Amino acid sequence: MYSNNTLRPVTPVPSWQDAALCAQTGGDFFFPEPGSSVREAKSICGLCEMRTACLDYALANDERFGVWGGLSEKERLQLRRG
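Figured I'd write up the structure that's included with this text. (Residues numbered from 1 in each chain as written. Predicted model: local features only at pLDDT ≥ 70, side-chain atom pairs only at ≥ 80, totals over all residues. Heavy atoms only, no water.)

### Examining helix α3 (residues 39-47)
This is how the line gets drawn: Burial classes follow relative accessibility: with a 1.4 Å probe on protein chains only, a residue under 20% of its type's maximum area counts as buried, one over 50% as exposed, and anything between as partly exposed. Strands here mean DSSP runs of E at least two residues long; helices mean DSSP runs of H or I at least four residues long; both are numbered from the N terminus. Each direction from the helix axis to a C-beta atom contributes to the arc, which is the arc of those directions. In this analysis, two residues are considered to be in contact whenever any of their non-hydrogen atoms come within 4.5 Å of each other.
What α3 keeps buried is the set Ala41, Ile44 and Cys45. The buried residues of α3 all sit within an arc of 100 degrees when viewed along its axis, so they share a single face. Turned more than 90 degrees from where α3 packs its buried face, Arg39, Gly46 and Leu47 sit exposed. Buried positions along α3 lie against α2 (22-25) and α4 (51-60).

Below, the structure written as structure tokens:
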């Protein structure tokens, strides 16, 4: 039996995330509703110095949703297959 006070392992936040522009703007742009534009997220990513680290993280962790490193879900899938 587990209590509500049971500690669970915490996944550390990658160091690049603290410096990423998305951390300063919020996730709404980066996880839009299906069919919505990702233009604003990509614009922010284009200015971010952490873009490469973000994309590497998304590919290494098989992130399937949202914009990561300036690429949409479909673009990352094409990159993996390519």
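### Thoughts on the environment of Leu55
In this structure, Leu55 sits in helix α4. The exposure class assigned to Leu55 is buried, which follows from its relative accessible area of 16%. Residues Leu55 and Trp68, spaced 13 residues apart in sequence, show a C-alpha to C-alpha distance of 5.5 Å. The residues touching Leu55, leaving out its near neighbours within four places in the chain, are Trp68, Gly69, Leu71, Arg76 and Leu79.

### Here we look at the pattern of salt bridges
Cut-off, in case you're wondering: Salt bridges are defined by distance alone: a side-chain nitrogen of Lys or Arg within 4 Å of a carboxyl oxygen of Asp or Glu.
Summed over all chains, the structure comprises three salt bridges. Here Arg64 ties to Asp62 by a salt bridge, and the two come within 2.6 Å at their closest N and O atoms. Residues participating in the shared-partner salt-bridge network are Asp62, Arg64 and Arg80.

### A look at the packing of aromatic side chains
Working definition: an aromatic ring pair is given by the centre-to-centre distance plus the angle between the planes. The condition is simple: Within 6.5 Å between ring centres, the rings of Phe, Tyr and Trp (the latter by its six-membered ring) count as paired, and their orientation is classed by plane angle as stacked under 30 degrees, edge-to-face over 60, tilted in between.
Counted according to the given criterion, the structure contains three aromatic pairs. Taking 6.3 Å as the distance between ring centres and 80 degrees as the angle between the ring planes, the aromatic pair formed by Phe31 and Trp68 counts as edge-to-face. Of the two residues, Phe31 sits in the loop between α2 and α3 while Trp68 sits in the loop between α4 and α5 (73-81), which places them 37 residues apart along the sequence. In this structure Phe31 comes out as partly exposed when scored by relative accessible area, which is 46%. An aromatic cluster of three or more residues is present, and its members are Trp16, Phe31, Tyr57 and Trp68.

### Quick notes on the packing of α4 against α5
What counts here: Angles shown run from 0 to 180 degrees and are taken between the N-to-C directions of axes, each axis being a line fitted to C-alpha atoms and, for helices, limited to the stretch in contact. Roughly parallel here means an angle under 35 degrees, roughly antiparallel means over 145, roughly perpendicular means 65 to 115, and every remaining angle is called oblique. Under the scheme applied here, ten amino acids are nonpolar (Ala, Val, Leu, Ile, Met, Phe, Trp, Tyr, Cys and Pro), four are charged (Asp, Glu, Lys and Arg), and all others, including Gly, are polar.
Close contact between α4 and α5 brings their axes to 11 Å; oriented N to C, the two are set at 70 degrees. One element, α4, and the other, α5, form an angle in the roughly perpendicular class. Taken together, the residues of α5 that come into contact with α4 (itself represented by Leu55, Ala58 and Leu59) are Arg76, Leu79 and Arg80. Partitioning the contact of α4 with α5 into residue classes produces four nonpolar, no polar and two charged.

Just geometry here; none of it tells us what the structure is for.
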